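# Structural characterization, general
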Amino acid sequence: MLSTLELVAMAQDGTPRRDTYRHGDLRNTLIKAGLDLARAGGPQAVVLRAATRQAGVVPNAAYRHFADRGALLHAVSQAAMAQVARTMEAEQAALPPTTDAAAAARARFRAVGTGYLRFAQEEPGLFRTAFHVPGDMTHAAADTSAGATGKTPFELLGAALDDLVEAGLLPEDRRPGAEFLAWSAVHGLAALLIDGPLRGLAPTQAHDAGQQVIDMIERGL
C-alpha cells in the first residue's frame, strides 16, 4: 500500500491530489501518536501536525476526528489517565493472596497510591498529560479514562476506600470526601518527585517517601 506522501508525490499528471486517505482507525491511531508525543514531551508536545506526521497522514485528515488541538489533547489526556488506572490495577493484581479481609483491604488501598506514584515516576510525560484536564470532575468517571476493570483512577481510589469501610478500618462517617484528602497528598508527592525539589531523590528514597506518605494518609483517615 502506498503511503500518503507517495500518493501526493504521484499526483503530478494533472489529476487532483489527495489530501487524505482512508485509514482503518485513524482516530485511535492519532491518539496513539499523541501518547507517544506526550510520553516524550508532556502535554505541550501534543499538536495535530506532529500527530498526523507520526500517523503517516496529511494534517487535514485529523480534522475528520478532532475539531482542533484541544480536542486531540483531551482525548490523549483521557488515554493517559487510563494508563494510570492500569498501572494501579497491576499493583493491586500483584498483591499476594490472603484470607484476612482487613489486611487485603489495607493492601489494596496502599497499592492504589503506590501504583499512582510509580506511574508518575516511570512515565512523567504521560502523567503530566493525564492531568491536563478541564477544571472540574466532569471526566473523572469517563469510560475513556478507565483501566481494564472499567474503573478510572479516581474510581479505583473510591473502591479501595469503600473496602476499608467494609473491613472496619475506616469509620463510615469519615468516608465522605476521603478521596480528595488521599488524592491530594499522593498527587502532591508525585508532583514534587517529577517536577519539584524531590526529583533528585534516589529511587529507593522516592519509594520510601511514597510509603511514608501513604502511612500518613492511613493514620489520618
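Refer to the structure printed above.
Described below are features of the structure shown in this document.

Cut-offs used in this document
- As a convention, each chain's residues are numbered from 1 in the sequence order in which they are written.
- Local features are withheld for residues below a pLDDT of 70 in this predicted model, meaning they are given only at 70 or higher, and side-chain atom pairs are given and counted only at 80 or more; totals for whole chains, interfaces and linings count all residues.
- Only heavy atoms go into the side-chain values, all of them from the structure, while hydrogens and water stay out.
- The helix count covers DSSP runs of H or I at least four residues long, the strand count covers runs of E at least two residues long, and both are numbered beginning at the N terminus.
- Burial classes follow relative accessibility: with a 1.4 Å probe on protein chains only, a residue under 20% of its type's maximum area counts as buried, one over 50% as exposed, and anything between as partly exposed.
- By definition in these notes, contact holds between two residues if any of their heavy atoms fall within 4.5 Å.
- Working definition of accessibility: Shrake-Rupley area with a 1.4 Å probe, residue cover restricted to the visible protein chains.
- Within this scheme, the nonpolar core is defined by two criteria: the residues are buried Ala, Val, Leu, Ile, Met, Phe, Trp, Tyr or Cys, and they are joined through side-chain atoms within 4.5 Å.
- Throughout, an axis means a line fitted to C-alpha atoms (over the contacting stretch in the case of helices), and angles, computed between N-to-C directions, take values from 0 to 180 degrees.
- Oblique is the label for any angle not under 35 degrees, not over 145, and not in the 65 to 115 range, which are roughly parallel, roughly antiparallel and roughly perpendicular in turn.
- Crossings are assigned a handedness: left-handed for a near helix turned anticlockwise from the far helix by less than a right angle, right-handed for a clockwise turn.
- Only Asp, Glu, Lys and Arg are considered charged in this grouping, and only Ala, Val, Leu, Ile, Met, Phe, Trp, Tyr, Cys and Pro are considered nonpolar; every other residue, Gly among them, is considered polar.
- Under the pairing criterion, centres of Phe, Tyr and Trp rings, with the six-membered ring standing for Trp, must be within 6.5 Å; the plane angle then separates stacked pairs below 30 degrees from edge-to-face pairs above 60, leaving the rest tilted.
- Each salt bridge in this description consists of a side-chain nitrogen of Lys or Arg and a carboxyl oxygen of Asp or Glu lying within 4 Å of one another.

Another aspect to go through is the overall build of the chain. Scanning the chain for helices and strands turns up nine helices and zero strands. When the helices and strands of the chain are listed from N to C terminus, the series reads α-α-α-α-α-α-α-α-α. Split into buried and exposed, the 221 residues of the chain put 41% on the buried side. Excluding contacts between residues fewer than 6 apart, the proportion of contacts in the chain whose partners are at least 24 apart in sequence is 69%. Just so you have it, the chain exposes about 11,900 Å², and 55% of that area is on carbon and sulfur atoms.

This brings us to the side chain of Q92. With respect to the element layout, Q92 can be found in helix α4 (residues 69–93). When its relative accessible area of 9% is taken as the criterion, Q92 is described as buried.

If you look at the biggest cluster of nonpolar residues, it comprises 54 residues, and the most contacted ones within it are F109, L161 and L221. Those elements that provide at least two residues to this core are α2 (26–41), α3 (48–55), α4, α5 (101–122), α6 (124–130), α7 (153–166), α8 (178–195) and α9 (203–220). In terms of residue count, α4 provides more of this core than any other element does, ten residues in total. If near-sequence neighbours (up to four positions away) are discounted, L161 is found in contact with F109, L170, R175, A178, E179 and L221.

Running from N to C, α4 and α5 cross one another at 135°; their axes reach a closest spacing of 8 Å. Judged by the inter-axis angle, α4 sits oblique to α5. As for the relative orientation of α4 and α5, their crossing is right-handed in sense. Between α4 and α5, the residues in contact are A80, Q83, V84, T87, M88, A90, E91 and Q92 and R108, A111, V112, T114, G115, Y116, R118 and F119, respectively. In terms of residue class, the contact of α4 with α5 is built from eight nonpolar, five polar and three charged.

Across all of its chains, the model carries six aromatic pairs by this definition. Seen from their ring centres, F131 and W183 are 6.3 Å apart, and the 50° between their planes marks the pair as tilted. Here W183 lies in helix α8 and F131 lies in the loop between α6 and α7, a separation of 52 residues in the sequence. An aromatic cluster is built from Y116, F127, F131, F154, F180 and W183, whose rings are joined through pairwise contacts.

Three or more residues of α3 are buried, namely L48, A50, A51, T52 and A55. For α3, the secondary structure elements touched by its buried residues are α2 and α4. G56 lies just past α3 and shows a positive phi near 80°.

Time to look at the pattern of salt bridges. For the coordinates displayed, the defined rule picks out eleven salt bridges. A salt bridge links E91 to R118; the shortest N-O distance between them is 2.9 Å. In this pair, E91 sits in helix α4 while R118 sits in helix α5, placing the two residues 27 residues apart along the sequence. Overall, R118 belongs to the partly exposed group, its relative accessible area being 30%. A salt bridge links R106 to E218, with the shortest nitrogen-to-oxygen separation between them at 2.9 Å. Taken together, the residues span a long stretch of sequence, with R106 in helix α5 and E218 in helix α9 at a distance of 112 residues.

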